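For reference, the chains in residue letters:
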Amino acid sequence: MIATEAFTQIDKLRIGQSYRLLRDLRLPICRSIMKALLHDGPMDVTDIISIVSLMSGIDMEQSVISRHLAILRRHRIITFERVETNHIYTIDAARIQRINRAMDDFFSHER
């Protein structure tokens with residue numbers, strides 16, 4: 001019975017993590033940041049602000065972009081490297097592929 005309870009706790013933890021990941025990936029600014037990094041490659045926050053502002057048609061403030069970068073970092077969707085005084089952000093394409101495969105696997109078994 002204890003093993004079953006431990007398994008249930010793991011499932012609850014994973015379900016909560018998955019829910020937060022999917023919820024956050026639905027955020028339009030997060031999606032725009034991911035698209036920019038996938039399309040244009042590594043860049044600093046100033047470039048991300050410019051591109052996301054162009055994509056959305058709205059001038060984005062650094063605090064808004066920084067908040068969404070933190071969300072993506074927390075989910076390990078992006079990483080950053082410090083170069084002098086800048087943080088250069090990179091998308092983890094392998095992580096995106098793993099998430100897509102997991103979603104495909106989940107929904108293919110649902111039918």
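Shown above is the structure to which this text applies.
Draft legend 1. Local environment of helix 3 (residues 45-56). Between the first and last C-alpha of helix 3 there are 16 Å, a value that for 12 residues agrees with the 16 Å anticipated at 1.5 Å per step. Considered for burial, the residues of helix 3 that qualify are Val45, Ile48, Ile49, Val52 and Ser53. Viewed end-on, helix 3 has its buried residues packed into an arc of 125°, placing them on one side of the element. Buried-residue contacts for helix 3 involve helix 2 (28-40), strand 1 (43-44), helix 4 (62-74) and strand 3 (86-91). A side-chain oxygen of the first residue of helix 3 lies 3.2 Å from the backbone nitrogen of threonine 46; this N-cap is aspartate 44. One or two positions beyond helix 3, positive phi appears at glycine 57, with a value near 75°.

Draft legend 2. Focus on the sheet that holds strand 1. Strand order in the open sheet formed by 3 strands is 1-3-2, and the pairing between neighbours is antiparallel. One side of each edge strand has no neighbouring strand; the edge strands of this open sheet are strand 1 and strand 2 (78-83). Inspection of the sheet shows strand 2 paired to strand 3 by 6 bridges, in the antiparallel sense. Bridge pairing in strand 3 places threonine 79 opposite threonine 90. Sitting on the sheet, helix 4 is in contact with strand 2 and strand 3, with an inclination near 115° to strand 2.

Draft legend 3. Quick look at unusual backbone geometry. In this model, arginine 76 sits at a positive phi of 60°, which is unusual for a non-glycine residue. By relative accessible area, which is 51% here, arginine 76 ends up exposed. Residues other than glycine seldom take positive phi values, yet glutamate 84 does so here, at roughly 55°. Among the secondary structure elements, glutamate 84 is positioned in the loop between strand 2 and strand 3.

Draft legend 4. Region of the structure containing helix 4. Helix length check: helix 4, at 13 residues, gives a terminal C-alpha distance of 18 Å against a target of 18 Å (1.5 Å per residue), a fit within 8%. Buried residues of helix 4: Val64, Ile65, His68, Leu69, Ile71 and Leu72, and no others. Within helix 4, the buried residues cover an arc of 155° as seen down the axis, which keeps them to one side. Just beyond helix 4, the residue with positive phi is arginine 76, at close to 60°.

Calculation criteria
Residues numbered from 1 in each chain as written. Predicted model: local features only at pLDDT ≥ 70, side-chain atom pairs only at ≥ 80, totals over all residues. Heavy atoms only, no water. Helix = DSSP H or I, 4+ residues; strand = E, 2+ residues; numbered from the N terminus. Expected span 1.5 Å × (residues − 1). Buried < 20%, exposed > 50% of the residue type's maximum accessible area, 1.4 Å probe, protein only. Arc of directions from axis to C-beta. Contact = heavy atoms within 4.5 Å. Polar contact = N/O pair within 3.5 Å; in protein donor to acceptor, adjacent residues only side chain to side chain. Pairing = 2+ DSSP bridges. Axes fitted to C-alpha atoms, helices over the stretch in contact; angles between N-to-C directions.

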